[in-house]
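For reference, the chains in residue letters:
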Amino acid sequence: MSEAPHRYTAAVADEIERRWQQRWDEDGTFHADNPVGELRGSAESIEQAAATSGGAAAEKMYIMDMFPYPSGAGLHVGHPLGYIATDVVARHQRMMGKNVLYTMGYDAFGLPAEQYAVQTGTHPRITTESNIANMRRQLHRLGLSHDSRRSLATTDPEFVKWTQWIFLRIFDSWYDPEAPNADGITGRARPIAELREELRGGTVDPFALADRQGIELPEGWAGRSPADVTAATDAELTELADSFRLTYISETPVNWCPGLGTVLANEEVTAEGRSERGNFPVFTRRLRQWNMRITAYADRLIDDLDRVDWPESIRAMQRNWIGRSHGAQITFPTAGLSSAPEASFDVFTTRADTLFGATFCVLSPEHALLTDPSSLPAAWPEGTEESWTGGAATPREAVESYRARAASLDEDERTADDREKTGVFTGLTATNPMDGRELPVFTADYVLTGYGTGAIMAVPAEDERDFAFATKFSLPVIRTVQPPADFNGGAWTGEGQKINSANADLDLNGLDKDEAKARATEYAEEKGFGRARTTFRLRDWLFSRQRYWGEPFPIVYDPAAPEVPIPLPESMLPLDLPEVADFSPKTFDPQDADTEPQTPLSRATEWAEVELDLGEGPKTYRRETNTMPQWAGSSWYHLRYIDPTEDDVLVRAENEKYWLGAPEDGGVGGVDLYVGGVEHAVLHLLYARFWHKVLFDRGDVSSQEPFHRLFNQGYIQAFAYTDARGVHVPAEEVVAGADGTFTYQGEPVTQEYGKMGKSLKNAVAPDDMYEEYGADTLRVYEMSMGPLDLSRPWETRAVVGSQRFLQRLWRLVVDEETGQLTVTDDPGDRPTMQATHRAIDGVTRDMERMHFNTAIAKLIELVNHLTKQLTATGSTPRAAVEPLVLMVSPLAPHLAEELWARLGHKGSISRVAFPVADPELLKAEQVTCVIQIKGKVRHRIEVDPGISESDLEAAVMAEPRVQELLEGQTVRKLIIRAPKIVNIVI
């Protein structure tokens, strides 16, 4: 049987889709208008927008996807899931009369392109631009309604310029925690020049500020006073102010990965202590690196999470990552150090009230007091338990050996709850400042140097880890919280009254936890051995990479002062990467932790050594030879989308306020809808929020948050297959047997289920779907697979169901045999119009909630209804078909455009108003009213669903059957629940 000549097939879809995509491009259909500047709308576009929105000025809607990395493998069908969803929203919002900013950029710096360049000798810019072109083609073929004028890549020189400018803006800033800000906020970034003025005037105490922000002052300032600051030389004052910059260089512990030849941020290291890329071992080293003082914004980063519309799970992940804890910092005097007999160490505790229960202290193996084991006692103190020594002859030997063992373990190994506690006595003792008891000081690997102060006071009665340690080493246990009567022993971590918690000046016994904490902290401050403090798990952002393919730092150094970074003026931006033959940093034996970074840019001597005039005449400077991390560009691209052609300012104030500005109700502003994967919950989102807040503080933007509403889409998953070696084989070449087994090239393989991707060899290319079904079918299938926020299984054979739906829709308008319209201008019958308007009502609600799968289900139901009418009468009413085509338009835009044109309309459907349901047609024809007498159902009548109580009472009492049932009885009252129940009480 031959195919009907005018059927909607993959070939017809291909022709329609390419034709309409070309027309959209030529007409600039999806251009979004800025209030000012080069992308300001024309009078014609403004008039058209006003017509769509009923004459009112068009509202704005800013929609973004988390932009992709342009991989050489291109897209698979799992990638576009979120992109299709945002496109559906964008198209629907245009039809609702809104001015929609929607585009796509490419996160194009990074390690994959550089690694490919190293392997092939091809410049990473060449491969990156080729990959971007391929991905643009794939996304364009999908029919995404991007404003192509706003598309960008982070490697574009125009983009790099402003990335470097923002870096310099942050470099030029310090955080004043006392400065007034918007919305009653206290604290903001200020220019570094203002700090120099404040220091000179004595209005800022740098010692208190450094202590509050955990900043290490320059050498030589220890022990000095505020009076010394006002009397300092200009050079000294500049050096002091520079130590407070939000972007700074320090000798800090970093994650050094010799196998990659670069340092990594904490977030780029797996829980197993290996690099996310390449799976190489990562070691802790102290190296000179750039950092960003994100910790200064820790409070605001937590507090403002309550002001954005994000999934609670993502907000919880950020709160946990930042890790704010309120408590007290307690100083413990220490005895036993040969080099510093009056030394001390600090402990941070959230429970100062439990100091009375502290029976020993523990230092991390990396703690500063232990870095020189020769300063420890030369012999074990009298009475030292054998189990405390680790079998060593002296404390020095025990600590040195233990530190070496701890260095070989990653963080998860050290802190695992089920791991047996290990440690050794340091030979030191500490004085409990609450009651004067002498406590032994141990070192143990379950205490980490990166959290708190790297030292703890151990309260074994109220902490399970401390209890396990105390049990192993026979240390005393003192309870300070009364456990319940049925408690079976061990550490009690629950609530209870305070016990054993008193000295001559303080009595906490009988108090509850909160009052006891407050009293204990006040006492510590009064006696001078402690103070209230808030700590964070968050650490400053390590911002250096020993790579080539990244943004160069706009920083140079004067050989006369090689440690002092000098910012380049804006006129010298962008600073481009030099052309080099060798793109790779020097890599090392992955296990060799004692190696040092050697960057590719350091070998580009003609670029690294440069003569510049920075105001003191021509001089030779040395450039910074590290590059920025890939996160730099993704921290601000939402701003570049707004003004992609602007070269004089970061973003025009009028345009930023229009697209991102806070509403008048006191919100924080930001992108209206940001869609992406949950894997970016901490890294990208936290960094972007930090950058945006600095720019807000400096007056560069009016919005306080970059992304107002966040939506995390699920993943598309697919079956994958492994052979006997456990190696994945191409899924498309696997043969399924009738008995449920699977083979690859005749050999049995095992089926598994996982996220679609190249590594599992189960990816399906969208190009194959375009060719076999068309882009609209792929779009409808992905949106119909299930709720957008849940992962869903891919099944190629199921795609045909979406194609059949679109074919039935096509037949409602086009006769497959003749190609003629099947639509009549006759008004539809009431059931048809009711079905249409109920669909409009339901689809409108589903679109607003991004429930696209249920919207498609409602459209299928309406198509089925109209198909029955077409079969019965040979035609379908325009009054039903046109609203149907409009509703389908966001989901299958090419087909909708074609049908709209065939229905006789000029111009694109993309800005035609979305249909509105008629309330009268949403009402049910009749509803059944149940009539109860003496609580039993005795009769039923059909009534109008909108009937009033008085009319319903009259209708019921006029019923002959009701009168018959009531004969001879007195009606006491009627209980009426219109329109469904009337209860007659007699």
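Our subject is the structure that appears above.
Since the structure is predicted, the reported quantities are computational estimates derived from the model, not experimental observations. Here the residue index of a chain counts from 1 through its sequence in written order. This being a predicted model, a pLDDT of at least 70 is required before a residue's local features are given, and a value of 80 or more before pairs of side-chain atoms are given or counted; all residues contribute to the totals for chains, interfaces and linings. Each side-chain value is derived from all of the structure's non-hydrogen atoms; neither hydrogens nor water enter the calculation.

### Some remarks on the overall build of the chain
Quick note on the threshold: By definition, any uninterrupted DSSP run of H or I lasting at least four residues is a helix, any uninterrupted run of E lasting at least two residues is a strand, and each is numbered from the N terminus. Buried, partly exposed and exposed residues are distinguished by accessible area as a fraction of the type maximum, computed with a 1.4 Å probe on protein chains only: under 20%, between the cut-offs, and over 50%, respectively. Only heavy atoms matter for contacts: two residues are in contact if any of them lie within 4.5 Å across the pair. When charges are counted, Lys and Arg are positive and Asp and Glu negative, with His and the chain ends excluded. Throughout, a charge is located at the NZ atom of Lys, the CZ atom of Arg, the CG atom of Asp or the CD atom of Glu.
Each helix and strand counted, the chain has 31 helices and 35 strands in total. Taking the principal axes of its C-alpha atoms as reference, the chain extends roughly 105 × 90 × 70 Å. Considering the chain as a whole, with its 986 residues, one finds that 52% of them fall into the buried category. Relative to all contacts within the chain whose residues are 6 or more apart in sequence, the contacts with residues 24 or more apart total 71%. Looking at the chain, you have 99 positive and 150 negative side-chain charges, and the mean spots of the two groups are 4 Å apart.

### As for the nonpolar core
As a rule of thumb, nonpolar side chains are buried together in soluble globular proteins. As a reminder, the rule being used: Residues belong to one nonpolar core when they are buried, are Ala, Val, Leu, Ile, Met, Phe, Trp, Tyr or Cys, and are joined through side-chain atoms within 4.5 Å.
Formed by 158 residues in total, the largest nonpolar core has its most connected members in Phe543, Trp691, Met783, Trp794 and Phe852. Met783 has contacts with Leu81, Ile84, Ala85, Val88, Leu788, Phe852, Asn853, Ile856 and Leu891, leaving out every residue within four places of it along the chain. Val441, Val459, Ala520 and Phe529 belong to the second largest nonpolar core, which has 52 residues in total.

### Some thoughts on the packing of helix 24 (residues 799-811) against helix 28 (residues 893-902)
The cut-off we apply is this: Between N-to-C directions, angles span 0 to 180 degrees; the directions come from axes that are lines fitted to C-alpha atoms, helices contributing only their stretch in contact. Reported orientations rely on four angle classes, namely roughly parallel under 35 degrees, roughly antiparallel over 145, roughly perpendicular from 65 to 115, and oblique for the rest. Just so you know the grouping, Ala, Val, Leu, Ile, Met, Phe, Trp, Tyr, Cys and Pro go in nonpolar, Asp, Glu, Lys and Arg go in charged, and all remaining residues, Gly too, go in polar.
Remark: helix 24 packs on helix 28, axes separated minimally by 11 Å, with the N-to-C direction vectors making an angle of 10°. Accordingly, the angle class assigned to the pair helix 24 and helix 28 is roughly parallel. Contact residues: helix 24 offers Leu806, Leu809 and Trp810, while helix 28 offers Leu895, Glu898, Leu899 and Arg902. Considering only residue class, the contact of helix 24 with helix 28 consists of five nonpolar, no polar and two charged.

### Points about helix 7 (residues 192-201)
Put simply, the test is: Directions are taken from the helix axis to each C-beta atom, and the arc is the one they span.
Taken as a whole, helix 7 has its buried residues at Ile192, Leu195, Glu198 and Leu199. Around the axis of helix 7, the buried residues are gathered within 110° of arc, so they sit on the same side. Every exposed residue of helix 7 that faces more than 90 degrees away from the buried side is listed here: Glu197 and Gly201. Buried residues along helix 7 sit in contact with strand 5 (173-180), strand 6 (186-191), helix 8 (206-213), helix 9 (226-230) and helix 10 (234-242). Positive phi shows up at Gly202, right after helix 7, with a value of about 75°.

### Describing empty space enclosed by the protein
Using the following cut-off: The definitions used throughout rest on a 1 Å grid laid over the protein atoms alone, on which a cavity is an enclosed set of points accommodating a 1.4 Å probe that cannot get out and a pocket is an open set flanked by protein within 12 Å on both sides along at least five of seven lines; lining residues are those having an atom within 4 Å of a point. Grid points are joined across faces, edges and corners, and a volume is the space filled by probe spheres set on the points.
The tally for this structure, following the rule as stated, stands at one cavity of 30 Å³ or more. In this structure, the largest cavity occupies an estimated 30 Å³ of space. Considering the residues around the largest cavity, the lining is formed by Leu81, Glu782, Met783, Gly786, Leu788, Arg792, Met850, His851, Phe852 and Asn853. A breakdown of the residues in the lining of the largest cavity according to their chemical character gives five nonpolar, three polar and two charged.

### Some points on the pattern of salt bridges
To keep things clear, this is the line we draw: When a carboxyl oxygen of Asp or Glu is within 4 Å of a side-chain nitrogen of Lys or Arg, the pair counts as a salt bridge.
A full pass over the atoms with the stated rule returns 61 salt bridges. For Lys513, the salt bridge identified is with Glu495, shortest N-O distance 3.1 Å. Here Glu495 lies in the loop between helix 15 (464-472) and helix 16 (513-527) and Lys513 lies in helix 16, a separation of 18 residues in the sequence. Among the residues examined, Glu495 registers a relative accessible area of 52% and is labelled exposed. The network of salt bridges with common partners includes Asp183, Asp304, Arg307, Arg689, Lys693 and Glu705.

### Quick notes on the sheet that holds strand 8 (residues 262-264)
What counts here: Two strands form a pair only when DSSP identifies at least two bridges running between them.
On the basis of which strands lie adjacent, the open sheet formed by four strands has the order 8-7-9-17 and antiparallel pairing. The open sheet has two free edges, formed respectively by strand 8 and strand 17 (541-542), since each of these has just one partner strand. As paired elements, strand 7 (residues 247-257) and strand 8 share three bridges and run antiparallel to each other. Within strand 8, the position partnered with Cys257 by the bridge is Thr262.

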